[in-house]
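Here's the letter readout for the chains.
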Amino acid sequence: MDIYVYSDESGVFDKAHNDVYVFGGIILLSKTQKEECIRKYKHAEDTVRNNGNFDKNSEIKGNNITPKQKNGLFRSLNQYHKFGAVIYEQKVMNDIFTHKKSKQRYLDYVYKIALKRAFQDLIKQNIILPSQVENVYIFVDEHSTATNGRYELREALEQEFKVGTFNYEFSVFYEPIFTNLKSVNLNFCNSQSKTLIRAADIVANNLFHAAVSAEMLHIPKKANTRITYFP
């Protein structure tokens, strides 16, 4: 079994001027499901494009469409599993914002834990059988991580899902959740060329505005979404 994850972020990670930062994405459990999702989302995009003032080559993203159009795109993903991470920045330790590297490491931690929690939920529901997962393909918007931090994110994800992690403070080893995993593949993509990165943008954008407007409780019930809150 192969798993495909597409994700994006919304907000600015800078607590001096912002309160919320969000990751959002889609989890697809086969190549067939991935291709089906691409077709459905392209159709939803075409509907927005045809009914709005967009030319045929314009990119449909959360920041250039109306709330009604955005909700329509989000609903087109209702049958697919989604995940999100919501960071309430004012509660994050000040020291994390001191250096770019500490900010990136914190965001990497948030991302991998949010994705892990979503996987664990699907395992509990017997939607994913962990022993049957062979490859995890993760596609991230190329603007989400600085170039020099991409290797560290790839390493963190591989350790979490394939190798396992060790907590030195408590001397505890956490087994990887996928016991027969062969590979974790991390790819950085341009949203113009990847349909499902644009879909992930809509998920992240929707979660961001829900978090800002304190409507987060309504999203998991309506949209098949596993949200993890930080810190």
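Residues numbered from 1 in each chain as written. Predicted model: local features only at pLDDT ≥ 70, side-chain atom pairs only at ≥ 80, totals over all residues. Heavy atoms only, no water.

A. Structural view of the environment of L129. On the secondary structure map, L129 appears in the loop between α3 (100-124) and β4 (135-141). When its relative accessible area of 39% is taken as the criterion, L129 is described as partly exposed. Put simply, L129 and N63 are 66 residues apart on the chain and 37 Å apart in space, counted from C-alpha to C-alpha. (Helix = DSSP H or I, 4+ residues; strand = E, 2+ residues; numbered from the N terminus. Buried < 20%, exposed > 50% of the residue type's maximum accessible area, 1.4 Å probe, protein only.)

B. Expanded view of the side chain of N135. By secondary structure assignment, the location of N135 is in strand β4. Only 3.0 Å separates the side chain of N135 from the side chain of D2, close enough to count as a polar contact. Not counting residues up to four positions away in its chain, the partners in contact with N135 are M1, D2, I3, L181, K182 and S183. (Polar contact = N/O pair within 3.5 Å; in protein donor to acceptor, adjacent residues only side chain to side chain. Contact = heavy atoms within 4.5 Å.)

C. The packing of aromatic side chains, seen in detail. Enumeration according to the criterion identifies 13 aromatic pairs in this entry. Taking the centre distance of 4.6 Å and the plane angle of 10° together, the rings of Y6 and F139 count as stacked. Here F139 lies in strand β4 and Y6 lies in strand β1 (residues 2-11), a separation of 133 residues in the sequence. F139 shares its class with Y6; the two are buried. Plain terms: the ring middles of F23 and Y111 are 5.3 Å apart, the flat faces sit at 75° to each other, and that makes the pair edge-to-face. (Phe/Tyr/Trp six-rings, centres within 6.5 Å; stacked < 30°, edge-to-face > 60°.)

D. Highlighting the packing of helix α1 (residues 31-51) against helix α5 (residues 195-212). The contact between α1 and α5 brings their axes to 9 Å, and the two run at 70°. Put simply, α1 runs roughly perpendicular to α5. Between α1 and α5 lies a crossing of left-handed hand. Between α1 and α5, the contacting residues are K34, C37, I38, Y41, K42 and E45 on the first element and T195, L196, R198, A199 and I202 on the second. A per-class count over the contact of α1 with α5 returns six nonpolar, one polar and four charged. (Axes fitted to C-alpha atoms, helices over the stretch in contact; angles between N-to-C directions. Parallel < 35°, antiparallel > 145°, perpendicular 65-115°, else oblique. Left-handed = near helix turned anticlockwise from the far one by under 90°. Nonpolar A, V, L, I, M, F, W, Y, C, P; charged D, E, K, R; others polar.)

E. Focus on the pattern of salt bridges. According to the stated counting rule, one finds eight salt bridges in the structure shown. For K116, the salt bridge is made with E160, and the minimal N-O distance between the two is 2.7 Å. A residue pair is termed long-range when its members are at least 10 positions apart, and K116 in helix α3 and E160 in helix α4 (residues 150-163) qualify at 44 residues. With respect to burial, K116 and E160 carry one shared label: buried. For the salt bridge of D121 with R226, the shortest nitrogen-to-oxygen distance reads 2.7 Å. Taken together, the positions of D121 in helix α3 and R226 in strand β8 (residues 225-230) put the pair 105 residues apart, joining distant regions of the chain. Looking at R226, the relative accessible area reads 25%, which means it is partly exposed. Here the salt bridges share partners, and the residues they tie into one network are K101, R105 and E152. (Salt bridge = Lys/Arg side-chain N within 4 Å of Asp/Glu carboxyl O.)

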